[in-house]
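This is what each chain is made of:
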Amino acid sequence: VLYTNEGNTCERCDNRMSEDDSFSVYVSRHNTESWCTCCYENSTFYCHGTEENYSEDVDSVSDNDGNSYCQYYARDEMFCCDLTGNWYMNNESQDVNVNHGNTETWGVDAIEGHAFYCHGSDQYYATQWFNSVDIDGETYEKVYAESDLLLSTRLKDMEQAEEYENIAQINIVMEGTI
């Protein structure tokens, strides 16, 4: 804050202001300035993470709900989803297998509709690169299920039963056309 004989001076616009018209604004990670009401209302954003006001000159990100976060908070407490580019809190992340041997960090919203959870491997898989199979009400990555002795036997039994059902339906249709 600059003090003059006439009172305080806004550190952003250099206009005079009263003590009641002064707002503390972060201009970097650890430095604040005293700004007038006009500069405060028109040139700041509220960081929902630190619960402080920052200069619009400080880089920021927004989450899916439209909340703003300063770059300093985001770098420490958040991540950017590799699939969507949206920002999430660190506790809202999942590693997802995206192709053989590679993983990406996705947000919880990105997983819905774009990945599935394999009960056997305890991992998420991208639907774009991996196939899933349902065995007894649980989802598995197909290669995982085929490599597990018990699951592969159950999978073959299910496929064989499905094949027999298809043959039976074809016979019924053919009998109806004769």
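Chemist: It is not clear to me how the pattern of salt bridges should be interpreted in this structure. Could you clarify?
Modeler: A side chain with one charge can pair with a side chain of the opposite charge if their charged atoms come near. Under the criterion given, the structure shown has four salt bridges. For Arg12, the salt bridge goes to Glu56, with nearest N and O atoms at 3.3 Å. On the criterion of sequence distance, the pair formed by Arg12 in the loop between strand E2 (7-9) and strand E3 (16-17) and Glu56 in the loop between strand E7 (52-55) and strand E8 (60-62) is long-range, its members being 44 residues apart. Between Asp76 and Arg29 there is a salt bridge whose closest N-O contact spans 2.4 Å. You can see Asp76 sitting in helix H2 (residues 71-77) and its partner Arg29 sitting in the loop between strand E4 (23-26) and strand E5 (32-35), a full 47 residues away along the chain. A residue is classified by how much of its surface remains accessible, and Arg29, at 38% relative accessible area, is partly exposed. Connected through salt bridges with shared partners, the residues Arg12, Glu56 and Asp57 form a single ionic network.

Chemist: Would you mind going over the sheet that holds strand E12 (residues 93-99) with me for this structure?
Modeler: One key point about sheets: their strands pair by backbone hydrogen bonds, in either a parallel or an antiparallel sense. Reading across the sheet, the four strands line up as E13-E12-E15-E14 and stay open at both edges, with mixed pairing between neighbours. Looking along the sheet, the strands with just one partner apiece sit at the ends: strand E13 (102-107) and strand E14 (115-118). Adjacent strand axes in the sheet meet at a mean angle of 40° when their direction is disregarded. Pairing of E12 with E13 involves six bridges; the strand directions are antiparallel. Within the sheet, the bridge partner assigned to Ser93 lies in E13 and is Gly107.

Calculation criteria
Residues numbered from 1 in each chain as written. Predicted model: local features only at pLDDT ≥ 70, side-chain atom pairs only at ≥ 80, totals over all residues. Heavy atoms only, no water. Salt bridge = Lys/Arg side-chain N within 4 Å of Asp/Glu carboxyl O. Helix = DSSP H or I, 4+ residues; strand = E, 2+ residues; numbered from the N terminus. Buried < 20%, exposed > 50% of the residue type's maximum accessible area, 1.4 Å probe, protein only. Pairing = 2+ DSSP bridges. Axes fitted to C-alpha atoms, helices over the stretch in contact; angles between N-to-C directions.

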